[in-house]
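Letter by letter, the chains look like this.
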Amino acid sequence: MGSQAAPAKIAGEAEITPVQKVYVTGSNVRRIALETASPVQIITREELTRGGATSLNEVLRTISSNVGGVDENRTNGFTAGAAGLNLRGFGSQATLTLINGRRLAPYAQPEFQTTFVDLNSIPVGAVERIEILKDGASAIYGSEAMAGVVNIILRDSFEGLEVSGSLGQSSRSDGEQKRATISFGKGSLVKDHFNAYATIDVRQRKPMYMSNRDDYLSTQDLRAYGYKDRRSLYTYPGNLYWTDKTSGTFKSQTMDKSCPADRLVPADTVLNAGALGKACVFDDYKDSTYNVAGKTDRVGITSRMTWQPTASTTVFSELMFNRNKAVVTGNLHFVAGQNNEIIPALPITHPQYPKELIGPDGKTLAGGNGTVRVRAKLRDFPGQGQDNTTDFGRYLVGVKGDFKNWDWETAALYTNSKVSSRNTAAILTTPFLNAYKNGTFIFGGGDANKALYDSITTSSVNVFKSSLAQVDGKISGELFNLPAGAVGLAIGTEFRRESLDTSPDPQAVAGEIYHQAQLPPGFSNSRNISSIYAEATVPLLKTVEAQLAVRHDHYSDYGNSTTPKVGLKWSATPTFMVRGTYAEGFRAPTLVENSTDVRNAFVSIRDPFRCNAQYKLGCNTSSAYQSGANPELKPETAKSYTLGLAWEPSSSFLATVDLWQIKRVNEISTYDLTQVLANPDRYAGDPAVAIIRDPLTAADKAAGAMAGEVTNIKMLLTNVAVTKIRGVDLKLAGRINLGEYGTLQPTLNVSHMQSYLNAPSPNDELIEYAGTRGTPSVQATLGLAWKKAAYALSADTVFTSKMASVGDRTQECVLATEGFPELCKGIPSFTVVNLGGSYSGFKNTKLSFAIQNAFDRKPPFHPNDTANYYAPLHSAMGRYFQITADYSFK
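Residues numbered from 1 in each chain as written. Predicted model: local features only at pLDDT ≥ 70, side-chain atom pairs only at ≥ 80, totals over all residues. Heavy atoms only, no water.

**Q** Help me get a handle on the overall build of the protein, residues and values and all.
**A** Along the protein, the regular secondary structure elements total 10 helices and 45 strands. Relative to the globule expectation of 29 Å for 890 residues, the C-alpha radius of gyration of the protein, 29 Å, shows essentially globular dimensions. Projecting the C-alpha coordinates of the protein onto the three principal axes gives extents of approximately 105 × 60 × 50 Å. Split into buried and exposed, the 890 residues of the protein put 57% on the buried side. If you take every contact in the protein between residues at least 6 apart in sequence, the share linking residues at least 24 apart comes to 71%. Here the protein displays about 35,200 Å² of accessible surface, and carbon together with sulfur accounts for 57% of that area. Side-chain charges in the protein split into 90 positive and 84 negative, and the spacing between the mean points of these groups amounts to 2 Å. (Helix = DSSP H or I, 4+ residues; strand = E, 2+ residues; numbered from the N terminus. Rg over C-alpha atoms; globule rule 2.2 N^0.38 Å. Buried < 20%, exposed > 50% of the residue type's maximum accessible area, 1.4 Å probe, protein only. Contact = heavy atoms within 4.5 Å. Areas by Shrake-Rupley, 256 points an atom, 1.4 Å probe, with all protein chains shown as cover. Lys, Arg positive; Asp, Glu negative; His and termini not counted. Charge placed at Lys NZ, Arg CZ, Asp CG, Glu CD.)

Here it is in structure tokens:
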């Protein structure tokens, strides 16, 4: 059958000469038939750009087989500006990302255990196409490719000069974007036997803010949407509260004498039931600097040089350098002033201590433990955030050729990532604490605090470096002939060295950066890996071909692994094919996971022992959090299966259906925090987890709390248990000839996750997560492209199915326990339509437009600890407009 040559044509690619042998993602054996036993999705250059995408992340996050991944716009992580994939929901570590079939250095700054390739380090202007292998490829490309491979193919050669420029802006008048690309190439491989080209890609985008969005996206007062008022005590200038001696309950007082009436609320709505007084509440989304998307400045250069000294030898080199500067802003600094906090309870000598609580003897009149607690936002100080500069480089030189029926290739590669991460509002803890204690810091002091701010700030920069050096070689050809055809063979070897170095700021290591979690000391970690692999394609019958592959890796720190792969393809008729694969995987702990890197952070939690009908202070709180490396980790192993059909009754239609299953054991992860908080006895004695609490005070007990405040959570990596997922992928591609009205090209990709079984600890039964929050059962993309002469229009629809309101069906819906059962009926499905169009009727010129989220759909309402929608899968950007002009000099 026509195999992948036809789908490539259907999708709008250039014609592929049917007799030319090529390498296909998923195989190292050169072949004529492009359709292999493995399912592969191809995204063409046209599909990359027609919807207005200016980064690979914008495209790849929406493919049906991807489930979330690292988001470049997060305000509560360490990786501002970086983005990574998560094929099958298996974690970024299980997705292998390549350029032209070779590896890239991982993003240098560790995000707890997450190791990934930063998609934003690869300029979209240099990409020819992307091939996504959706089955295990451990034996072909690397033993950790359990969930699949993303192979980014760059232009092989280019002649001429092309310039492109675009402007964009959201419908909320933010996120202004400017982008320019210049490509220059010279030399014909056919006539001159050489070609050299370079592409320079520059992009600048201003931030988009949550406060500019509509309705529930831009406020924490959610009463109008069937939920509660989530505005907090942490306000500007601040709120005070203490235990009233007479009643024995909390009493609140605001420091804002001009608090607007719509923000002055009874204390019992934000403290415990029966609390006295009033509080002035603060709306983080409306009045702070939360990003929908951060500010980014990117510049990248990609170059390739090819020289053919003889008819059978080609020398080539590739150079790529990309700098990505990203600034993401989040919440304002806050003060939680009370005993056992960095900032203690308000000193009685402080000028803002309530005068009515100072007795004639100069002692406090407050009850309970006699303290006045402070909750405040420092709105007159710059907000917290990250300013990250990422330098990514990739440098390759190689030579390839052919001898009789054999092809050979060898290359040396060096690729690296360097991240310089600066705190955008680094306040030194000790001088700030001293100013608080001695009363020189005034809550709401405004300009009076400016001089103080200048004296207690610092420039805190953390530097992270990762690198990969590799030498490889392979040969491929025909070994001998069987009655059904030639046996193809490929043999290759790789030697690589991986390294990671972290250099945190000394003040951050000392814990001197206020509201920046104390960083662990820096570390250096490295290892050597040597690999040998072999692959054969064996024509068992005229219509049956087998793919046999095996890879052996030796890790200097984890010993040996051998991973096989077997594939079978049966061309039952010229238009109908049956295919299947079996593969094994092996993933050694990364250089982060097995290091000494235990990260400190803060995590938002809902404390089940301090959140009930009476006591509410633990319903939305945060705790110090430790997570990260564990040198005792063991490698993960996996087994994957696929079984599929491909049907191409004509050159105008292709349909493929592939069933898949992946089972991973000894999975490296952390326990589920919700379960650990709810069942502390169950995890007692486990060295990978600990919950530290203060003693329960008499006042808190009387107010309804059942345990003291959580002061620290430790959740180290461990070999948790087993994950077993299975599903089905459907692809339909067509080409409809409308005669004088042009051609119509519909494409549909659907991924249905039938089951996602996971155990929260090694001793638990597997729990079904398919369809729960974060694991949608169905994701789909529907594309429709129309072309007629110089005109082109496209509509691409991205669909995410309904999800349950819980991340774990064994747990009760938190929203119901809070008294809002109507919000437990599930997170509705979310559909976004991206429109595009172009006109190329002017000489050497192409004009294009794109509208992302053309119908301005808001993500479904789902209040949670970090947003009012499910941010890992849904976007709050809204409608976004872009215009582009391309010009070719000829």
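**Q** Describe in detail the sheet that holds strand 2 (residues 95-99), supporting the description with residues and values.
**A** What the five strands build is an open sheet, ordered 1-4-5-2-3; its pairing is mixed. The open sheet terminates on both sides in strands that have one partner only, identified here as strand 1 (40-44) and strand 3 (102-103). Sheet topology note: the strand 1/strand 4 (residues 127-133) ladder contains five bridges and is antiparallel. Following the sheet pairing, Val40 is matched in strand 4 by Leu133. (Pairing = 2+ DSSP bridges.)

**Q** Can you explain the side chain of Arg606? Please cite residues and give values.
**A** Mapping Arg606 onto the fold places it in the loop between strand 29 (598-605) and strand 30 (621-628). For Arg606, a relative accessible area of 18% corresponds to the buried category. Here the side chain of Arg606 touches Cys619 through a polar contact of 3.5 Å, landing on its backbone oxygen. (Polar contact = N/O pair within 3.5 Å; in protein donor to acceptor, adjacent residues only side chain to side chain.)

**Q** Report on the state of the cysteines, specifying residues and quantitative values.
**A** Applying the stated criterion to the full structure yields three disulfides. Each sulfur of the disulfide joining Cys259 and Cys280 lies 2.1 Å from the other. Handedness of the Cys259-Cys280 disulfide follows from its S-S torsion of about 85°: it is right-handed. Note that Cys259 is positioned in the loop between strand 11 (250-254) and strand 12 (264-266) and Cys280 in strand 13 (residues 276-280), a separation of 21 residues in sequence. Given a relative accessible area of 12%, Cys259 falls into the buried group. Note that Cys611 is cross-linked by a disulfide to Cys619, the S-S spacing being 2.1 Å. Between Cys611 and Cys619 the sulfur-sulfur dihedral comes to about 95°; the bridge is accordingly right-handed. (Disulfide = S-S within 2.5 Å.)

**Q** Describe the nonpolar core, with residues and values.
**A** Core analysis: the largest hydrophobic core is formed by 44 residues, its most contacted members being Leu56, Leu60, Ile130 and Ile152. Secondary structure elements with two or more residues in this core: helix 3 (56-60), strand 4, strand 5 (148-154), strand 32 (653-665) and strand 39 (743-758). When residues no more than four places from it in sequence are discounted, the contact partners of Ile130 are Gln41, Ile42, Ile43, Leu48, Leu56, Leu60, Val150, Asn151 and Ile152. If you look at the next biggest cluster of nonpolar residues, it comprises 26 residues, including Tyr353, Ala425, Phe432 and Tyr453. (Core = buried A, V, L, I, M, F, W, Y, C linked by side-chain atoms within 4.5 Å.)

**Q** Tell me about the pattern of salt bridges, and please be specific about residues and values.
**A** One pass over the structure, following the stated rule, counts 44 salt bridges. Across the pair Lys450 and Asp454 runs a salt bridge, and its minimum N-O distance is 3.4 Å. On the criterion of helical spacing, the pair formed by Lys450 and Asp454 is a turn pair, its members being four residues apart in helix 6 (residues 450-456). Judged by relative accessible area, which is 51%, Lys450 ranks as exposed. Exposure remark for Asp454: the relative accessible area of 46% places this residue in the partly exposed category. Put simply, Asp553 and Arg551 hold a salt bridge, and the shortest N to O gap is 3.2 Å. (Salt bridge = Lys/Arg side-chain N within 4 Å of Asp/Glu carboxyl O.)

**Q** Would you mind going over a nonpolar patch on the surface in detail, with residue names and values included?
**A** A grouping of Leu167, Leu793, Phe849 and Ile883 is seen on the molecular surface, where their side chains present a nonpolar patch of about 380 Å² in accessible area. Inspection of the secondary structure assignment puts Leu167 in strand 6 (residues 160-170). (Patch = residues over 30% accessible without salt bridge, like charges linked within 9 Å, V, L, I, M, F, W, Y side chains within 5 Å.)

**Q** Describe the confidence of the model for the protein, listing the residues and the values that go with them.
**A** Of the residues in the protein, 94% reach a pLDDT of 70 or more, and the chain-wide mean stands at 88. Low pLDDT, under 50, characterises residues 1-19; the predicted model gives this stretch 44 contacts beyond four residues in sequence or across chains. (pLDDT = per-residue confidence, 0-100.)

**Q** Quick rundown of the packing of aromatic side chains? Include the residues and the values.
**A** For the structure on display, the rule yields 21 aromatic pairs. Ring geometry for Tyr555 against Phe586: centres 5.7 Å apart, planes inclined by 45°, an arrangement best described as tilted. Placement of Tyr555 in strand 26 (residues 544-555) and of Phe586 in strand 28 (residues 576-587) is noted, with a sequence separation of 31 residues between them. There is no split in this pair, since Tyr555 and Phe586 are both buried. Geometrically, the ring pair formed by Tyr839 and Phe842 is edge-to-face, given 5.2 Å between the ring centres and 85° between the ring planes. Among the residues examined, Phe842 registers a relative accessible area of 47% and is labelled partly exposed. Members of the aromatic cluster, connected to one another through ring pairs, are Phe381, Phe432, Tyr436, Phe441, Phe443, Tyr453 and Tyr514. Positioned above the aromatic ring of Phe316, the side-chain terminus of Lys400 is 5.6 Å from the ring centre. Above the plane of the ring of Phe90 lies Arg664, whose end atom (NZ or CZ) is 3.9 Å from the centre. (Phe/Tyr/Trp six-rings, centres within 6.5 Å; stacked < 30°, edge-to-face > 60°. Lys NZ or Arg CZ within 6 Å of the ring centre and 35° of its normal.)

**Q** Please provide a residue-by-residue account of the pairing of strand 25 (residues 524-541), values included.
**A** In the sheet, strand 23 (residues 485-503) pairs with strand 25 via 14 bridges, with the strands oriented antiparallel. Residue pairing across strands places Ala490 opposite Glu535, the latter belonging to strand 25. Inspection of the sheet shows strand 25 paired to strand 26 by 12 bridges, in the antiparallel sense. Among the inter-strand pairings, Ala536 is bridged to a residue of strand 26, identified as Leu548. The hairpin turn running from strand 25 into strand 26, its antiparallel successor, is two residues long.

**Q** Account for the environment of Glu478, naming residues and giving values.
**A** Along the chain, the position of Glu478 falls in strand 22 (residues 461-482). We classify Glu478 as partly exposed; its relative accessible area is 30%. Each C-alpha atom, one on Glu478 and one on Ala490, is 8.8 Å from the other, the two residues being 12 residues apart in sequence.

**Q** Run through the environment of Asn462, naming residues and quoting values.
**A** The topology assignment puts Asn462 in strand 22. Once residues lying within four places of it in the same chain are set aside, the contact partners of Asn462 are Val419, Ser420, Ser421, Ser503, Pro504, Asp505, Ala508 and Leu519.

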